[in-house]
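Fold and geometry: a report
Listed here are the chains, written in short residue letters.
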Amino acid sequence: MAEEKSSAGKLRQKIRFIILIVSFLLIPVTIFYVSPIVIMMGAAEGIVAGSMLLFIALFIISLIAGRIWCGWFCPMGAWQEICAPVMKKTVKGGWRNWIKYVITILWLAAIGFTFLSAGGIRGIDPLYGTVNGISISSPDVMVVVCIIFAFIFVVSFLTGRRGFCHVLCPIAGLMVAGRKIRNLIGWPALQLSADADLCNDCNDCSRACPMGLDVHAMVRKNQMENADCILCASCADTCNKGVISYSIRGR
Ligand code: SF4
Ligand code: SF4
């Protein structure tokens, strides 16, 4: 039974990694649809860009599935996991984690202010900023995108695994807000569950966590909810004892 679970877990993580690689390879097409900068550019003209529609969708998704976008689909997350072999450090929590919330609040305020300055919402254009739906349409844009991804690499290299997600990403701030609202009200949503009685304290789950969380301690404290958990299931799929699993339930 445990062996079956472990091979199913390996398969799930393979699928997750393949999805992340595809997400990364599609960056030339998709990057403008996940760009906070493009939202601001659209707002300056009173246009709701495709990236704004996606961010609204991600907020709604976070109400029922937390940060699953970050763990399974985000191209910036994919880039950090591809680079993970050279990122040995674990992010130190504390004040660093609060930076992303400050960025998110300032960024949301800036979007509102920019729309107001533009005279309100004048239209919706899902393809805003792209050329026939393609994001990277010129060498200049390519250079800017490469600089942004080099910046993400440097932030993660200096702060630790998935450091950009921990410290700077406004999408993370938005999705954590959605998750907190769900936790407050308590409707059923995707989450991690653990059966601590099965745990043998091997710590494999903590080592496997791409966010560098102390999953073993979470299991032992019976506190599987964590704002920095991206619901990637790496911990569940690494644990030979079948301690951790996805579940859908209220709080
Ligand atoms: S991998 Fe499983 S058994 Fe090992 S510490 Fe984590 S939860 Fe416990
Ligand atoms: S706690 Fe588990 S599901 Fe959450 S980020 Fe870490 S490995 Fe992924």
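Residues numbered from 1 in each chain as written. Chains lettered and ligands numbered in written order. Predicted model: local features only at pLDDT ≥ 70, side-chain atom pairs only at ≥ 80, totals over all residues. Heavy atoms only, no water.

A few words now on the side chain of S247. Relative to the helices and strands, S247 is located in strand β4 (residues 244-249). At 2.5 Å, the side chain of S247 forms a polar contact with the side chain of S193. Once you skip the residues sitting within four places of it in the chain, S247 turns out to touch A189, L190, Q191, L192 and S193. (Helix = DSSP H or I, 4+ residues; strand = E, 2+ residues; numbered from the N terminus. Polar contact = N/O pair within 3.5 Å; in protein donor to acceptor, adjacent residues only side chain to side chain. Contact = heavy atoms within 4.5 Å.)

Attention now moves to the state of the cysteines. According to the stated counting rule, one finds 0 disulfides in the structure shown. Cysteine C74 remains unbridged, with the sulfur of C169 as its closest cysteine sulfur at 6.1 Å. Since its relative accessible area comes to 7%, C74 is described here as buried. (Disulfide = S-S within 2.5 Å. Buried < 20%, exposed > 50% of the residue type's maximum accessible area, 1.4 Å probe, protein only.)

Here we take up the packing of aromatic side chains. Scanning the model with the defined rule gives 8 aromatic pairs in all. Ring geometry for F24 and F149: centres 6.5 Å apart, planes at 70 degrees, overall edge-to-face. In this pair, F24 is assigned in helix α1 (residues 2-25) and F149 in helix α8 (residues 139-159), connecting sequence segments 125 residues apart. Its relative accessible area of 24% is what places F24 among the partly exposed residues. Judged by its relative accessible area of 8%, F149 falls in the buried class. (Phe/Tyr/Trp six-rings, centres within 6.5 Å; stacked < 30°, edge-to-face > 60°.)

Another aspect to go through is the site of ligand 1. In the vicinity of ligand 1, the residues found are C199, N200, D201, C202, N203, D204, C205, H216, C239, K241 and V243. Here the shell around ligand 1 is composed, by residue class, of 5 nonpolar, 3 polar and 3 charged. (Near = heavy atom within 4 Å. Nonpolar A, V, L, I, M, F, W, Y, C, P; charged D, E, K, R; others polar.)

The environment of ligand 2 is made up of L192, C209, P210, M211, V215, C229, I230, L231, C232, A233, S234 and C235. When its residues are assigned to classes, the shell around ligand 2 shows 11 nonpolar, 1 polar and no charged.

Our next topic: the packing of helix α3 (residues 36-44) against helix α7 (residues 95-117). Two numbers describe how α3 lies on α7: the axes approach to 8 Å, and their chain directions differ by 20 degrees. Classed by the angle they form, the pair α3 and α7 counts as roughly parallel. Here the hand of the crossing between α3 and α7 comes out left-handed. Where α3 approaches α7, its residues P36, I39, M40, A43 and A44 are matched on the opposing element by W107, A110, I111, T114 and F115. Tallied by class, the residues present in the contact of α3 with α7 amount to 9 nonpolar, 1 polar and no charged. (Axes fitted to C-alpha atoms, helices over the stretch in contact; angles between N-to-C directions. Parallel < 35°, antiparallel > 145°, perpendicular 65-115°, else oblique. Left-handed = near helix turned anticlockwise from the far one by under 90°.)

This brings us to helix α6 (residues 75-82). Within α6, 6 of the 8 residues are buried, which leaves it mostly tucked inside the rest of the structure. Buried within α6 we find P75, M76, G77, A78, Q80 and E81.

Ranked by size, the top nonpolar core spans 59 residues in total, and within it I31, W69, M76, I171, V215 and I244 carry the most contacts. Per-element accounting of this core gives the leading share, 5 residues, to α8. (Core = buried A, V, L, I, M, F, W, Y, C linked by side-chain atoms within 4.5 Å.)

Moving on, we get to a nonpolar patch on the surface. Together, I18, V22, L26, V29 and I134 line one region of the surface with nonpolar side chains, adding up to about 380 Å² of accessible area. Topologically, L26 is positioned in the loop between α1 and α2 (27-30). (Patch = residues over 30% accessible without salt bridge, like charges linked within 9 Å, V, L, I, M, F, W, Y side chains within 5 Å. Areas by Shrake-Rupley, 256 points an atom, 1.4 Å probe, with all protein chains shown as cover. Salt bridge = Lys/Arg side-chain N within 4 Å of Asp/Glu carboxyl O.)

Turning to the pattern of salt bridges, a few remarks are in order. What the rule picks out here adds up to 8 salt bridges. Among the ionic pairs, K100 bridges to D228, the shortest N-O distance being 3.3 Å. Of this pair, K100 sits in helix α7 while D228 sits in the loop between α12 (215-221) and α13 (234-238), and the two are 128 residues apart along the sequence. The two residues K100 and D228 agree in class, both being buried.

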